[in-house]
Amino acid sequence: MPRSMSVTLSTPLRTFLLIVFTAFVPVVLFAQKGTKWNRTGNGYYQFKEGELDLYTLPLQTKTVILTNKQLTPDGKTTPLNVRGFSFSADDKKVLLFANTKKVWRLQTRGDYYVFDTNTGSLKKLGKDRPASTLMFAKFSPDASKVAYVSEYNLFVEDLASGNIQQLTLDGNRKFINGTFDWVYEEEFWCRDGFRWSPDSKHIAYWQIDARKTKDYLMIDNTDSIYPFAVPVEYPIAGEPPSPFKIGVVDIATAKTQWMDIPTDPVLQSYVPRMEWAANSNELIIQHLNRHQNQSDLMLCNAQTGASQVIYTEKDSAWIDIQPLWDNDYSWGGWDWISDGKEFIWASEKDGWRHLYRVTRDGKKEVKITNGNYDVMDISAIDEKNGYVYFLASPNNATQKYLYRTKLNGKGPAERVSPANQEGTHDYDLSPTAAYARHFFSNIYTPSTDEMISLPDHKGVNGQHIVNDALANADKNSGAEFFKVKTEEGVEMDGWMVKPKNFDPNKKYPVVFYVYTEPWGQNVRDEYGAADPFLYKGDMAADGYIYISIDNRGTPVPKGRNWRKVIYRNIGRINIRDQAMAAKEVIKWPFVDTSRIAVWGWSGGGSATLNLMFQFPEIYKTGIAVAAVGSIFTYDNIYQERYMGLPQENAADYVQGSPVTHAKNLRGNLLYIHGTGDDNVHYQNAELLLNELIKYNKQFQLMSYPNRTHSISEGAGTWEHLSSLFTTYLRTHCAPGGR
């Protein structure tokens, strides 16, 4: 799931990579799963120079699947600019996604075409629908139809006749079929909101009723002479969620059977996951209560709507749904094994995130992974050979490696990643787990990737791409890792980049880069993780020490207690950990305590404000970008998950909000925000400014007109932002040793 912002993309460079900003932390997110493997798992597809090719392993033999000419619609002279594709179950048809448009974060709206390999025809779907309005198109399992969402309604199109049937009729911006409202997309990563039944006769889908959810009105002052309001259905903390329904629509009759899922009539509840339960008769859903601390897995009868709870889990803090830490699942999926008699499930109930196999009735479970480590990602389930592949890092929370263990839970986990490749690994495993695309980097080795065989982890065709990159890496790149233990006994990981030509007899300024909240890990052994991306120039050459430290509450693989100690304590525990770590850092003889700066974006901006206000004796200069000034204003799913409901513990919200402590500002503060931010609204800026003005606290403000949370839109924006950041830092926290 989520990461701290980095312009250097050190995570896998997968297909359709986009930078998005979610849960007010900038993250790198993928619009769909990366490597597109063929069904047999011995080859992968790739678009190159306008054609679709298949590369068969191990020799990577190229076969052209679709040519430029075949990808060129009638009446056009250039092939489609394809952004996504999928094959029918019989591999005879290809579904192509083009002319895409962004919906909040991702390019999920556009036009779809079907290429039929039998006839050689290329046909556009949704002939009567407005251009670029189709979403999440999917072949039926029998390959005879394609279903899609357009303008909040579900449609199904017969590929032989071209007949289009509208399955829902009541959709609009506030009454949503087959996709989601703003907050479900932002905080649960729910986007694709419908699923074909295995027998191709029904479609299960979400319906979200946002009619009573209040609109946040963003004011657009730049796109017309008269300003206008841009409404976003946005439930802030304390507001009830938009009610959901799960329906199963019969393709033949267009009639929907609604599932009977109980909910609290006042507080409401959530269903962030729903799939067919390995047959065409039942659905399986994950139902969360409003507090997100109880998860019920339910089986629902698709014909009658009757439901039953089969598996319940509770946590004294919150329960993370799987897509939040394993992004592949944000596009759907449920890990059934034993011909649908069991499924794989993840839980932190023993203090670590581990995998379990659970019987279909929920009455029996077997723990698969064992030990004092967290499963960081499920890479593949190789049921044929009896293994699950997963990512973990038992000995170093800044790194990530591939492991496998027996599905029966017997025996220790086996590390698959080579022992000599220390750093961060990622993998796209083929359906048979015989091959994988392997991504690797560490703090001094640039990101690279290679095709490997498994489980021997050998490069295909005798290649040694990652090992060659390691051999040629510059281990004197300047970045180094360290651990710091506070006077309260909390030990944290950090990285540091010292000035070039560092002289230990001089004293240097320190710039702390912070995020601190549950959706951001800064201290990662990845190339570019320590890149001061907003600084214009060479920060190390200019004479700054650049540092980041991950406090308790950040999503690092150190166990449940590390992550969840922050419950109801955002703005307090995370801030105190950071400040206590800084107290240890400023004891170093080469640190100039009069030149201590801190900066962050989004949740890191909030942390910057709290650090400046709560510990003004430490931090002399701060630059906060797109910060939450009052956590009462942020959305209910995120804020209530980590802070509880404000109706029940408003004092925690007050004490965690920067506005509460703004009167304590002593140092130099630059505050930056986009007025078109749909995520952390510009309202936060004005609430904060009011408090600073009230107490005659001087500061500098930069508003970026009509820019979103990424402050990336408009000509010259990034150059201006970088120049502003750099000039302010150099002015108020001068570089160089003294």
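The shown structure was predicted, so the numbers you read here are calculated from the model rather than taken from an experiment.

About the thresholds
- Residues numbered from 1 in each chain as written.
- Predicted model: local features only at pLDDT ≥ 70, side-chain atom pairs only at ≥ 80, totals over all residues.
- Heavy atoms only, no water.
- Core = buried A, V, L, I, M, F, W, Y, C linked by side-chain atoms within 4.5 Å.
- Buried < 20%, exposed > 50% of the residue type's maximum accessible area, 1.4 Å probe, protein only.
- Helix = DSSP H or I, 4+ residues; strand = E, 2+ residues; numbered from the N terminus.
- Contact = heavy atoms within 4.5 Å.
- Pairing = 2+ DSSP bridges.
- Phe/Tyr/Trp six-rings, centres within 6.5 Å; stacked < 30°, edge-to-face > 60°.
- Axes fitted to C-alpha atoms, helices over the stretch in contact; angles between N-to-C directions.

Asks: Talk me through the nonpolar core; I want residue IDs and the actual numbers.
Replies: Among the nonpolar cores identified, the biggest contains 49 residues, and Tyr184, Phe188, Ile246, Ile261 and Leu283 are the most heavily contacted of them. When contributions to this core are tallied by element, the ones reaching two or more residues are helix H1 (182–188), strand S17 (202–209), strand S18 (215–220), strand S20 (244–250), strand S22 (269–276), strand S23 (282–289), strand S24 (294–301) and helix H7 (636–643). Residue contacts for Tyr184: discarding those within four places in its chain leaves Trp189, Cys190, Ile208, Phe244, Ser269, Tyr270, Val271, Pro272 and Ile637. Ranked by size, the runner-up nonpolar core spans 44 residues in total, among them Val484, Ile549, Met612 and Leu692.

Asks: Tell me about the sheet that holds strand S6 (residues 61–66), residues and numbers included.
Replies: The strand order S3-S4-S5-S6 describes an open sheet built from four strands, whose pairing is antiparallel. Pairing within the sheet leaves two strands with one partner each, and these edge strands are strand S3 (36–37) and S6. Relative to strand S4 (residues 43–48), S3 is paired through two bridges, and the arrangement is antiparallel. From the neighbouring strand, Lys36 faces S4, where its bridge partner is Tyr45.

Asks: Could you give an account of the packing of aromatic side chains, with specific residues and numbers?
Replies: Inspection of every chain in the model, using the stated rule, returns 42 aromatic pairs. The interplanar angle of 75° and the centroid separation of 6.5 Å between the aromatic rings of Tyr234 and Tyr634 together place this pair among those described as edge-to-face. Within this pair, whereas Tyr234 is found in the loop between strand S19 (228–233) and S20, its partner Tyr634 is found in the loop between strand S43 (621–625) and H7, the two being separated by 400 residues in sequence. Seen in terms of ring centroids, Trp318 and Tyr567 are 6.3 Å apart; in terms of plane orientation they differ by 45°. Their pairing is tilted. Linking Trp318 in the loop between strand S25 (307–314) and strand S26 (336–337) with Tyr567 in the loop between helix H4 (560–564) and helix H5 (573–585), this pair joins segments that are 249 residues apart in sequence.

Asks: Please provide a residue-by-residue account of the sheet that holds strand S41 (residues 545–550), values included.
Replies: One open sheet holds the eight strands; their spatial order is S38-S39-S41-S40-S42-S43-S44-S45, and the pairing between them is mixed. Looking at strand neighbours, the two that pair on one side only are strand S38 (479–485) and strand S45 (700–704), the edges of this open sheet. Recorded for the sheet is a direction-independent mean angle of 20° between the axes of neighbouring strands. Pairing of strand S44 (residues 668–674) with S45 involves five bridges; the strand directions are parallel. Along S45, the bridge assignment pairs Leu670 with Gln700. Its contacts with the sheet place helix H11 (residues 717–732) against strand S40 (508–513), strand S42 (591–601), S43, S44 and S45, and it is angled at close to 175° to S45.

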